[in-house]
Structures are given as structure tokens and as C-alpha cells.
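Here's the letter readout for the chains.
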Amino acid sequence: MIKYIILSFCIFQVLSKTKDEWKSRTVYQLLTDRFATSTGKSSSCNLSKYCGGDYKGIINNLDYITNMGFDAIWISPVNDNYDNGYHGYWYRNMYDVNKNFGTSQDLKNLVTACHNKGVWVMVDVVANHMGNTNQDYSQNYPFNSSSHYHDYCIISDNDFNTHNLANIQKCRLAGLADLNQDNTFVANELIKWIKWLITEYQFDGIRIDTVMMVKTDFWTKFTNSAGVYSVGEVFDGDMGFLKQFLGPINGLLNYPLFYTLRDVFLHNKGMNTLESFFNNIANSFGKANLPYMGNFNDNHDNARFLNDAVTGYIPEDFEFYGENSNFTVTALKKLQFKAITAFTLTSVGIPMIYYGSEQFYAGGNDPNNREVLWNHLDQTSEMYKFIKVINEARKTTKAASQDQIQRYADADVYAFTRGTLFAAFSNKYDKQIVKSITYHPYAEGTSLCNIFYATDCVKVTNGAFPLYLNYGEVKIFIPK
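Okay, so let's go over this structure. Since this is a predicted model, take the numbers as computed values, not measurements.

What about the side chain of D410?
- Structurally, the position occupied by D410 is in the loop between strand 9 (404-409) and strand 10 (413-418).
- In this structure the side chain of D410 is engaged in a polar contact, spanning 2.8 Å, whose partner is the backbone nitrogen of D412.
- Ignoring sequence-local partners within four residues, the contact set of D410 consists of M271, N272 and K435.

What follows is the structure, encoded as C-alpha cells:
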């Protein structure tokens, strides 16, 4: 018996994927109900209810993800949910699967299919609440007693705005039954459950929902029990507030970067805003924690960038898909979104790209940002190819394992290297910007070529090379 326990522990340790192993991964975030269907469901559906995506659909379309250069996926919570819980966050039975997505074996088959293609699977998990909004807990398993929950109260907007953790950590989010992790039974069951979930389905990482709603000492025990890389959602951009959650959790979704990139590329703050940002985040979080942050261009909780960016002026005939099909993408909006996505993919942290970005999806607030994708799995689209080329360069240069070093910063340009990969950005969409780069890691005579245009090459001469950025384009150079 002792030998069996030791063997099981060793196998679990070998299979577990650490935060350092995750640093080299690029993650494709998908909603299981919206990515692909195996049953021929229509792409026209009520986005507030189930649309028909499933695990078999993901298996059948894994090449769409891997051909884009992704080697990890983040899937929706897998547990049994209350009615219309298409997103997965309304748990009912924590030890049963959401049968709208498939069987337990279908889920295991998905993980196996991913692993066979070198793709890691991150599962979204909830340990803050269950899915009922009343005080009838009889359907909840294993938490079916009122003693398992905090007394009824609702988190207010003011609680969030003032970071009132006393209320945030004991009251209900959107009325959802709030688990009391100070209750020994609740805490121990959640800690036992997460280890079971990881072991049963061989998941490689976890994304933790609603992190600020639970005390940090619980998260330490929870993530230790999981034994895999963890990234947490704290929907806030205040670095001083966020830093308390690092340590108990390996990394956080990088909302400070998310908001800063929108300030720079959408609202035209100076490019050197990014210099200040990286200085501030390194001081707040510690430079050593930055590689484990989850960098994202869009997600399921925020209106997509291209929805925020849409204006009444529509000069180009390029159609959006999904709920906002009456809009078109302007050349400017595409440039801005490309810049944000390229920055997300190349800067320090683990990139997590939201499904539909590669097809210029432009949905608004939840649920309109949770569109069906299976009618637009186009591997020839402009944005699909853009992301693919960046992912290839990131892997070829092993950029993820290299420090990010700022090479140039002023109001017009921000540039950095990750090893031999050089990335340069500008938000000056009305003119060409020309700079001479003198601080770089390249030897004299090195030829550097733009990954997007193979004939666009420059040579290091007298210790410098020229950088031309035309009308807000992104340039990523790698040695020839």
C-alpha cells in the first residue's frame, strides 16, 4: 500500500506542469460551447443559452489551433452546471461533468488528443461559489447545507471600487451562493476536489475564477493541492491591490497590461507610457513574477477590442462576424488590434489569446463577446496568418525563455528584445517613424529581417540599424 501511494505521488509529480514549464507556452482561450460542434448545430443561437459546442468538436478541430502555433488551450469549466450555464461558472455537482459538452470519457479523450499533439490543457475552475442564486442548496454537491455558505448579502459596486475585501469575500457575486472557506469541511472538500480533478482528467494547468472573493491563505492550500501552474482572475488594474494574490497563485491575468495597451494603442497615450508601466509592474509584483502573468488581448468578461474601437466612420468593406455583423473593420482598427495582439504574444508573460481574435471578431459586452466560431474556422484569414507568424518566431528564437530588455522608448516608439527577437511598436498612424537603434544585442554585420515581409531586412552597421515604422505597423525582426 505504501509503495502504491509513493508510486502514485511520483506519477502525479512527473505529469504536473510547473509554472516554469508553462513560460514557453502560448495559450488559445476558447469557450467550449462556442468553438466547435460535432453535431451540426446551427451557428445562429441565443448567446445567453447553450449553442452546441462540445469536446468532440474541439478534438475534430485541434489542427486549427496547432496550425496557428498554439501549444496550449484554456477550456471552460467542466463541471455539471445549473440550467443555461453554457459558460460553466454555475456549478451544481462538482464531481459530475457538464453533459452539454460531452461525457466524462469525451473530456478524457480531448485531453489525450491534445497531449498527443503536444498541446497542454488548462481548465477553468471555480472555488468561490456554486450556481444557485437562492438559498435552496439541496441540489448542490458536496455543499448542500446552509452552513457551507456565507450569510446572504450582495457585493456592491462600491465594494469593488473601494476594494472592500470584508464584503467582497463574504457576500454574493451576482447573487451566486457564496461558499464559506472558513468552514473546515468546505475548505477541505475544495482542496480534495481540485486534486481529484487534475488527477482524474490529467489537466496541465488551472485558471482560477473570482480570486479576490476568497482569502489568500485558502488559495495557497488550493494551488498546492492542484500541483500545476495556476493563473488567477482578479478583475482589477490596481497593481498595489493585485500583488497580495501573487504567491498564493503563480500568476494573474494581466489586467494592468490589458488596460495600458488600450490606453496606448486606442487612446493614443505616448509610447513611453509602456516604459513607465514595466517599471511600475516590476516594482509592484517583483520582476521574477512577470514571466508567469497571463497576458491577454481580449477575453470573455470584456467587450472585444474591436467593439470598443468601432466608430461611425467606416471606410473599408470588411465585415465583422457574430453579433456585430452590421459593423466593418477599418484599416486603423485592424492596425490597433494587431499591435495589441502582437504585444501580448511577444512581451514578458504567458500569452493567452481569445478565440475569434484570429477572425477579427468584435462582440460587445457579455454575452455578445462569446460568439460561435465554427462557421468561421478560416486558416487563410489575415489575422490568423498574422498570429501564426508571430508564434513561429517566438518558438524559433526561444523568446519566452529570454528576459525582456527595452531597446528604445519615446513618445513615438517602444521597442524591446527577447533574446534575438526584436519587436517594435508605434501608435503614430498618420506618418512614418524613423529611428536608429543603437542599443541592441546583435553583432556587427548581422542582417535582421521582418517576419511579416521576408524582403524587409536591415543590417547592423557601425553598431546601429535603422527602424522604419510606417503608419502604426508592427515590426518584429529576427536574425537572417
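After that view, the rundown keeps rolling.
Brief notes about the nonpolar core
- With 116 residues, the main nonpolar core has Y28, F203 and F222 as its most contacted residues.
- For this core, the element with the highest residue contribution is helix 9 (residues 184-201), accounting for nine residues.
- Filtering out sequence-adjacent residues up to four positions away, F222 remains in contact with V125, A127, L190, I191, W193, I194, I206 and I208.
- Counting residues in each nonpolar core, the second largest holds 15 residues, with W22, V27, V231 and Y255 among its members.

Points about the pattern of salt bridges
- According to the stated counting rule, one finds 25 salt bridges in the structure shown.
- Here D20 makes a salt bridge to K23, at a shortest N to O gap of 3.9 Å.
- With relative accessibility at 43%, the residue D20 sits in the partly exposed group.
- We note a salt bridge from R92 to D80, for which the minimum N-O separation is 3.0 Å.

Re the pairing of strand 10
- With six of its six residues buried, strand 10 lies for the most part within the structure.
- Here strand 10 shows no split at all, with V413, A415 and T417 on one side and Y414, F416 and R418 on the other all buried.
- Of the strand pairs in this sheet, strand 9 and strand 10 are connected by five bridges, and their pairing is antiparallel. Across the sheet, residue Y408 finds its bridge partner in strand 10, namely A415.
- Taking the residues that link successive antiparallel strands as the turn, the strand 9-strand 10 hairpin has three residues.
- Of the pairings in the sheet, the one linking strand 10 to strand 11 (residues 421-426) comprises six bridges and is antiparallel in character. Residue pairing in the sheet places Y414 in a bridge with F425 of strand 11.
- Between strand 10 and strand 11, which pair antiparallel in sequence order, lie two residues; one of them, G419, sits at a positive phi of approximately 70°.

Side note on the state of the cysteines
- The full count for this structure, using the stated rule, is three disulfides.
- Linked covalently through their sulfurs, C153 and C171 form a disulfide whose S-S length is 2.0 Å. Given an S-S torsion of about -95°, the disulfide between C153 and C171 has left-handed geometry. Taken together, the positions of C153 in the loop between strand 3 (120-125) and helix 7 (157-161) and C171 in the loop between helix 8 (165-168) and helix 9 put the pair 18 residues apart, joining distant regions of the chain.
- Residue classification places C153 among the partly exposed residues on the basis of a relative accessible area of 22%.
- Its relative accessible area of 4% is what places C171 among the buried residues.
- Each sulfur in the disulfide pair C449 and C457 lies 2.0 Å from the other. Note on the C449 and C457 pair: the S-S dihedral is about 105°, so by sign convention the disulfide is right-handed.
- In the protein, the cysteines engaged in disulfides, taken in order along the sequence, are linked 1-2, 3-4, 5-6.

A short note on the sheet that holds strand 9
- Pairing is antiparallel in the open sheet, where six strands are placed in the order 9-10-11-16-13-14. At either end of the open sheet lies a strand with only one pairing partner, and these are strand 9 and strand 14 (453-459). Averaged over neighbouring strand pairs, the angle between their axes works out to 25° when direction is ignored.
- Seen against the sheet, helix 15 (residues 331-346) touches strand 10, strand 11 and strand 16 (475-479) and runs at an angle of roughly 150° to strand 11.

Focus on the packing of helix 12 (residues 255-265) against helix 15
- Interhelical geometry of helix 12 versus helix 15 gives an angle of 145° and a closest axis separation of 10 Å. The handedness of the crossing between helix 12 and helix 15 comes out as right-handed. Facing helix 12, whose interface residues are L257, L261, R262 and F265, helix 15 presents Q336, A339, I340, F343 and T344.
- A breakdown of the residues in the contact of helix 12 with helix 15 according to their chemical character gives six nonpolar, two polar and one charged.

Here's the deal with helix 13 (residues 273-285)
- The first and last C-alpha atoms of helix 13 sit 18 Å apart over 13 residues, in line with the 18 Å expected at 1.5 Å per residue.
- Residues L274, F277, F278, I281 and F285 constitute the buried set of helix 13. Down the axis of helix 13, the buried side of the element spans an arc of 95°, and every buried residue falls inside it.
- At its buried positions, helix 13 is contacted by helix 11 (239-242), helix 12, helix 15, strand 9 and strand 10.
- Taken from the residues just after helix 13, G286 is the one with a positive phi, measuring 90°.

Thoughts on the packing of aromatic side chains
- Counted under the stated rule, the structure contains 41 aromatic pairs.
- With centroids separated by 5.4 Å and ring planes inclined at 80°, the aromatic side chains of W219 and F222 adopt a geometry described as edge-to-face. Taken together, the positions of W219 and F222, both in helix 10 (residues 216-226) and three residues apart, correspond to about one turn of that helix. Comparing W219 with F222, the two get one shared label, buried.
- Relative to F465, the ring of Y442 lies with its centre 6.1 Å away and its plane at 65°, an arrangement referred to as edge-to-face. With Y442 in the loop between strand 12 (432-437) and strand 13 (447-450) and F465 in strand 15 (residues 465-470), the pair connects residues that are 23 residues apart, well separated along the chain. A single burial state applies to Y442 and to F465, both of which are buried.
- Cluster of aromatic residues (ring-pair linked, three or more members): F265, F277, F278, F343, Y414, F416 and F425.
- Between the NZ or CZ atom of R34 and the centre of the ring of Y86, over which it lies, the distance is 4.1 Å.

Criteria and cut-off values
- All chains use their own residue numbering, which begins from 1 and follows the written sequence.
- Local features in a predicted model are, by the rule used here, given only for residues with pLDDT of at least 70; side-chain atom pairs are given and counted only at 80 or more, and totals for whole chains, interfaces and linings are based on all residues.
- Side-chain numbers come from the whole structure's heavy atoms, not from hydrogens or water.
- Helical segments are the DSSP runs of H or I of at least four residues, strand segments are the runs of E of at least two, and each set is numbered from the N terminus.
- Any N or O atom pair separated by 3.5 Å or less is treated as a polar contact, with the protein-specific requirement of one donor-capable and one acceptor-capable atom, and with residues adjacent in sequence counted only for side-chain atom pairs.
- Note on contacts: a residue pair is in contact if any heavy atoms of the two residues lie within 4.5 Å.
- Joining through side-chain atoms within 4.5 Å is the link that ties buried Ala, Val, Leu, Ile, Met, Phe, Trp, Tyr and Cys residues into a set, and such a set is a nonpolar core.
- Partly exposed describes any residue whose relative accessible area lies between the buried limit of under 20% and the exposed limit of over 50%, with all areas from a 1.4 Å probe on protein chains only and scaled to the type maximum.
- Take a side-chain nitrogen of Lys or Arg and a carboxyl oxygen of Asp or Glu: if they are within 4 Å of each other, that pair is a salt bridge.
- We treat two strands as partners when DSSP finds at least two bridges between them.
- A pair of cysteine sulfur atoms is labelled a disulfide when the two atoms are within 2.5 Å.
- Here an angle of 0 to 180 degrees is reported between the N-to-C directions of two axes, which are lines fitted to C-alpha atoms, with helices fitted over the stretch in contact.
- The hand of a helix crossing depends on one turn: near helix anticlockwise from the far one by less than a right angle means left-handed, and clockwise means right-handed.
- Basically, the charged four are Asp, Glu, Lys and Arg, the nonpolar ten are Ala, Val, Leu, Ile, Met, Phe, Trp, Tyr, Cys and Pro, and anything else, Gly included, counts as polar.
- In this analysis, the expected span of each helix is defined as 1.5 Å times one less than the number of residues it contains.
- What the arc describes is the spread of directions from the helix axis to the C-beta atoms.
- Note on aromatic pairs: the rings of Phe, Tyr and Trp (six-membered ring only in Trp) are paired at centre separations within 6.5 Å, and the planes decide the class, stacked below 30 degrees, edge-to-face beyond 60, tilted for the rest.
- In this scheme, Lys NZ or Arg CZ marks a charge over a ring once it lies within 6 Å of the ring centre and within 35 degrees of the ring normal.

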